[in-house]
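# Results of the structural survey
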Amino acid sequence: MLALNTTAFYQTKWLGEFHVEDTVQDLFYSPNGKMYCDFISQSGNDDLYWGERFSAIMQPLDDGGKMWFFLPDKGVPVKSLWSDQEVQQLVRAPWGWAKSKRMRVNLNRFIPKFDIQTDLDLKPIFQSLGLNLQSLGLDDLVRSQHNFPVKVSQAKHAARVMIDEKGCAAAVFTHIGMAASATMLPEELTELDFVLNRPFLFVLTRRDNMPLFVGIVRQPL
């Protein structure tokens, strides 16, 4: 009877591009076993952030946005960072982050190039949350003149995020159809390797710190 489709596409460069000659191949420890992949790398004076259960870096984007990378401490499930209050606080207001959990260091960043995709069936999620045509604001849009019930028959969501030396690209499509612990860093540390070689969380934000894409990389390829 009716289909609503929304799409978004976002593409921009890093504020400081990574050099291809600095890309190195190394091991990534995924839940499915060790795998070799390409790590883009960059060194420079930068901020390292940390919370009770993670360490993090921020990579600025050319349009004023940011891409955050959160590495959970050993033994902390990466999925638990989804709802971590400190993660949300840091992403939305990085300027207010406590100085005791932020340090300026000569940072050597190693970030795996990745291309990840997801495809979700939103209908069971809608049902578990009690969402229907009225709560979704669609009841006024869909008025059956034939005295038969109208309901959400299909809800699909797909997203894809890619990064390389130049920058990042992300796309999303939604269809609704009816029918080592960072807290233990020594104060005298001046140089640090930040290596994302195991599952991590990323958050891509606009210039106003509003999250656009959030995801977990369990294996880069």
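Higher on the page you've got the structure.
Residues numbered from 1 in each chain as written. Predicted model: local features only at pLDDT ≥ 70, side-chain atom pairs only at ≥ 80, totals over all residues. Heavy atoms only, no water.

## Points about the environment of Thr174
If you trace the backbone, Thr174 turns up in strand S9 (residues 167–178). In this structure the C-alpha to C-alpha distance between Thr174 and Leu122, which are 52 residues apart in sequence, comes to 9.2 Å. Separated by 2.8 Å, the side chains of Thr174 and His157 make a polar contact. (Helix = DSSP H or I, 4+ residues; strand = E, 2+ residues; numbered from the N terminus. Polar contact = N/O pair within 3.5 Å; in protein donor to acceptor, adjacent residues only side chain to side chain.)

## Quick word on the packing of aromatic side chains
Tallied over the full model, the rule gives 8 aromatic pairs. Judged by centre distance (5.2 Å) and plane angle (65 degrees), the rings of Tyr49 and Trp68 are edge-to-face. Of this pair, Tyr49 sits in strand S3 (residues 33–50) while Trp68 sits in strand S5 (residues 66–72); the two residues are 19 residues apart in sequence, bridging distant segments of the chain. An identical accessibility class is assigned to Tyr49 and Trp68; each is buried. Grouping aromatic residues by their ring pairs yields a cluster made of Phe28, Phe69, Phe114, Phe200 and Phe202. (Phe/Tyr/Trp six-rings, centres within 6.5 Å; stacked < 30°, edge-to-face > 60°. Buried < 20%, exposed > 50% of the residue type's maximum accessible area, 1.4 Å probe, protein only.)

## Regarding the nonpolar core
Nonpolar side chains in soluble globular proteins tend to be buried together. Formed by 35 residues in total, the largest nonpolar core has its most connected members in Met67, Phe69, Phe114 and Ile163. Top element by residues in this core is S3. It accounts for 6 residues. Contacts of Met67, omitting those with residues within four sequence positions, involve Trp14, Ile57, Met58, Gln59, Leu61, Phe114, Val161, Ile163, Cys168, Phe202, Val203 and Leu204. Ranked by size, the runner-up nonpolar core spans 15 residues in total, among them Tyr49, Met58, Val87 and Val203. (Core = buried A, V, L, I, M, F, W, Y, C linked by side-chain atoms within 4.5 Å. Contact = heavy atoms within 4.5 Å.)

## So, a nonpolar patch on the surface
Side chains of Ile125, Leu129 and Leu131 sit close together on the surface and give an oily, nonpolar patch of about 260 Å² of accessible area. Along the polypeptide, Leu129 turns up in the loop between helix H2 (123–128) and strand S8 (152–163). Look at Leu129 and you get exposed, because its relative accessible area is 60%. (Patch = residues over 30% accessible without salt bridge, like charges linked within 9 Å, V, L, I, M, F, W, Y side chains within 5 Å. Areas by Shrake-Rupley, 256 points an atom, 1.4 Å probe, with all protein chains shown as cover. Salt bridge = Lys/Arg side-chain N within 4 Å of Asp/Glu carboxyl O.)

## Focus on the environment of Ala98
One can find Ala98 in the loop between helix H1 (85–92) and strand S6 (102–112). You can call Ala98 partly exposed: its relative accessible area is 36%. Ala98 sits 48 residues away from Trp50 along the chain, and the two C-alpha atoms are 9.7 Å apart.

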